[in-house]
Amino acid sequence: MAAPTGAGVDRTPTTTAAAGTGVDRALAALPEAKRELARMLLAARRPVPARPAPRSGAGPVPATALQARLLRREQHRPGAGTGSHAVRLTGRLDHGRLREALTGVLARHEALRCRISGAPDGAGPLLTVDDTPCLRLTRTDLTHHAEAARRDAVRRQITESAGTALSLEDGRTSWFRLLTLGLDEHVLVLASHLAVFDGWSSGVFLTDLAAGYRDGPEALAPPELQFTDYADWQRRWLASPDGSAELARRRAGLAGAPAAPPAPGGFERGHLPVRLGRGPGSPLDAGLALGSAEGATPFMTLLAALAVVLARRDGGTDVVVGTPAAGRFATQLEGAVGQFTTVVPVRIGLSGRPSFAELLHRTRAAVAEALSHQRLPVDEVCTGGAQPYSVLFALHNYPAVPFGLPGIEVSQLPGPPARHLELYSPDPAATSACIGLVERDGEIGGTAEFNRRATAPEDVTALLGGVEDVLRRALASPSAPGITL
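Here's a quick rundown of the structure. (Residues numbered from 1 in each chain as written. Predicted model: local features only at pLDDT ≥ 70, side-chain atom pairs only at ≥ 80, totals over all residues. Heavy atoms only, no water.)

### Re the packing of helix 4 (residues 95-108) against helix 6 (residues 199-215)
A pair of packed helices is characterised by two quantities: the angle between their axes and the separation of those axes. The following threshold applies: Each axis is a line fitted through C-alpha atoms, and for a helix only the stretch in contact is used; angles between axes span 0 to 180 degrees, taken between their N-to-C directions. Secondary structure counts use DSSP, requiring at least four H or I residues in a row for a helix and at least two E residues in a row for a strand, with both numbered from the N terminus. Note on terminology: angles under 35 degrees are roughly parallel, angles over 145 are roughly antiparallel, angles of 65 to 115 are roughly perpendicular, and the others are oblique. Definitions for this section: a left-handed crossing has its near helix turned counterclockwise from the far helix by less than a right angle. A right-handed crossing has that turn clockwise. Residues count as neighbours in contact if any of their non-hydrogen atoms are within 4.5 Å of one another. Under the scheme applied here, ten amino acids are nonpolar (Ala, Val, Leu, Ile, Met, Phe, Trp, Tyr, Cys and Pro), four are charged (Asp, Glu, Lys and Arg), and all others, including Gly, are polar.
Contact pair helix 4 / helix 6: the axes reach a minimum separation of 8 Å and the direction vectors enclose 130°. It follows that helix 4 is oblique to helix 6 by the angle criterion. As helix 4 runs across helix 6, the sense of the crossing is right-handed. Residue-level inspection shows Arg97, Leu98, Ala101, Leu102, Val105 and Arg108 of helix 4 in contact with helix 6, the latter providing Phe205, Asp208, Leu209, Gly212, Tyr213 and Arg214. Here the residues of the contact of helix 4 with helix 6 are counted per class, giving seven nonpolar, one polar and four charged.

The following block contains the structure:
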């Protein structure tokens, strides 16, 4: 759920009146070019809070480690960081209100108005927020096409949208397409850059768009915290004693785990639909019930079974699996658009011939430990790009975002396959598969993204088949030792 908007949030640090006046006067006496630098230096001297807070000033802030990586990748492969989302709008659409609402959403979120470029001194890239939103919207009239031709054109437009060559350096991070299929039927397509728009942002964006269309853009007050507040805090916190200590502890917890070797041929993306079988008496349903009885969530239960499969495959007793985390560990971040996602490596020990029941307890503890460190960007945890996991696994149970416009029925349209593997991996060549499952309407399925240079589709399918086999064996004797044998 989105956090309350922060219409009355004072974005300046709290000081005494006398001190504030003195600092303000001193800053005002500086040349404009030095004024913002002085504000940044003053901010750097303050203790860094454990959670993000409104930043001081409005100048550029350091980009996050993930954004810096995506910028480097974009410079070599334009368009590689573009994602696409589409919704069908059925009903009488007011084009002017829609345009105003879209502009209002861009104005509300700094992440949608920022540019990412290298610093003049050669340091890391900086986030610069443009004051004025720039709506990029193209309209296509398909009303004169036959129905089959319209369907083909919609699919083609959505696919083309995912290949839009957006530019972080120019601030061209979003592009909209409005397709008119009939007087009362439209499709709205959004191309957005992964560096400024994560999966959670889709819900925030649609909620804000509905509010802006219904109540006008003036109803869209800024969120309590902007993504730029988070980016500014992250860099300062990582350099603080507390952040440095937590990073050292996290690296120590992963010490000794071998780095996943990159595939000799590099990285080539592949996609595969996947599904786990459910139904009365299925090993999956019974296995999830067993996990619940041991205090494990469905994700933990499936992760424990996957750890067994990977340990058998690799012949080891120490498994690390990467799992994406929303990264919005403060409620004030829930209402902001941005790229907050991180990956937490979950290290699970399988030594000592544990039973599946014992392994569930180990997995539950390992997941809790890993998630407690989601403030740490994976690019900082994995020094030199050496990542300790070759498989990513996620199970989402989020409901569909309620999105309604006055007099208009709204429905989500399937988009092109995601590009999560590159997003979640400091070195995509070292990741063989990213299995993303969704639990919805009694089914568990989704898409597996894999590296064609590292694995084959049948190998990915075998991982999930192995999970079901482990659950079937665990059900027969959950307390028997040696589940990994």
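### What about the pairing of strand 2 (residues 82-90)?
Worth spelling out the cut-off: For two strands to be treated as a pair, DSSP must find at least two bridges joining them.
Pairing between strand 2 and strand 7 (residues 185-193): nine bridges, direction antiparallel. Residue serine 84 lies in a different strand from strand 7, and its bridge partner there is alanine 191. Alignment of strand 2 against strand 12 (residues 409-413), held across five bridges, turns out to be antiparallel. Each bridged residue has a counterpart across the sheet, and for valine 87 the counterpart in strand 12 is glutamine 412.

### Observations regarding the sheet that holds strand 6 (residues 174-182)
What the five strands build is an open sheet, ordered 5-6-7-2-12; its pairing is mixed. Each of the sheet's edge strands pairs with one partner strand only, and the pair in question is strand 5 (137-141) and strand 12. On average, each strand axis in the sheet is tilted by 20° relative to the strand beside it, whichever way the strands run. With respect to the sheet, helix 4 is in contact with strand 5, strand 6 and strand 7, its orientation differing from that of strand 6 by roughly 160°.

### Details of the side chain of serine 355
The line we're drawing: Burial classes: relative accessible area under 20% of the type maximum marks a residue as buried, over 50% as exposed, and values in between as partly exposed (1.4 Å probe, protein chains only). What qualifies as a polar contact is a pair of N or O atoms within 3.5 Å, subject to a donor-acceptor requirement within protein and to the restriction that residues adjacent in sequence count only when both atoms come from side chains.
Mapped onto the fold, serine 355 is located in the loop between strand 10 (342-349) and helix 11 (356-371). Here serine 355 falls in the buried class, since its relative accessible area comes to 11%. A polar contact of 3.1 Å, which involves the side chain of serine 355, links it to the backbone nitrogen of glutamate 358. When neighbours within four sequence positions are excluded, serine 355 is seen to be in contact with Pro478, Ser479, Ala480, Pro481, Gly482 and Ile483.

### Quick look at the nonpolar core
Rules: Within this scheme, the nonpolar core is defined by two criteria: the residues are buried Ala, Val, Leu, Ile, Met, Phe, Trp, Tyr or Cys, and they are joined through side-chain atoms within 4.5 Å.
Ranked by internal contacts, the top residues of the largest apolar core, which has 71 residues, are Leu89, Leu127, Phe176, Phe205, Leu209, Phe403 and Leu405. Ignoring any residue separated from it by four or fewer positions in sequence, one finds leucine 127 in contact with Pro60, Val61, Pro62, Ala63, Gln67, Cys114, Arg115, Ile116, Phe227, Thr228 and Ala231. Among the nonpolar cores identified, the runner-up in size contains 49 residues, and Met300, Leu310, Leu395 and Val470 belong to it.

### Side note on the environment of aspartate 459
As for its position among the elements, aspartate 459 is in helix 14 (residues 457-476). Relative accessible area serves as the criterion here: at 40%, aspartate 459 is assigned to the partly exposed category. Along the primary structure aspartate 459 and serine 432 are separated by 27 residues, whereas in three dimensions their C-alpha atoms are 9.8 Å apart. Among the polar contacts listed, one links the side chain of aspartate 459 to the side chain of threonine 455, at a separation of 3.4 Å.

### Focus on the pattern of salt bridges
Heads up, the rule is: Here, a salt bridge means any Lys or Arg side-chain nitrogen found within 4 Å of an Asp or Glu carboxyl oxygen.
Summed over all chains, the structure comprises 27 salt bridges. We note a salt bridge from aspartate 198 to arginine 328, for which the minimum N-O separation is 3.0 Å. Pair noted here: aspartate 198 is in the loop between strand 7 and helix 6 and arginine 328 is in the loop between strand 9 (318-325) and strand 10, with a separation of 130 residues, a long-range link. The pair formed by aspartate 198 and arginine 328 is uniform in burial state, with each residue classed as buried. In this structure, arginine 269 and glutamate 422 form a salt bridge, with 2.2 Å as the shortest nitrogen-oxygen distance. Within this pair, whereas arginine 269 is found in strand 8 (residues 269-276), its partner glutamate 422 is found in helix 13 (residues 420-424), the two being separated by 153 residues in sequence. The exposure classification of arginine 269 matches that of glutamate 422, with both residues buried. Salt bridges linked by common partners bring Arg77, Arg269, Glu422 and Glu449 together as one network.

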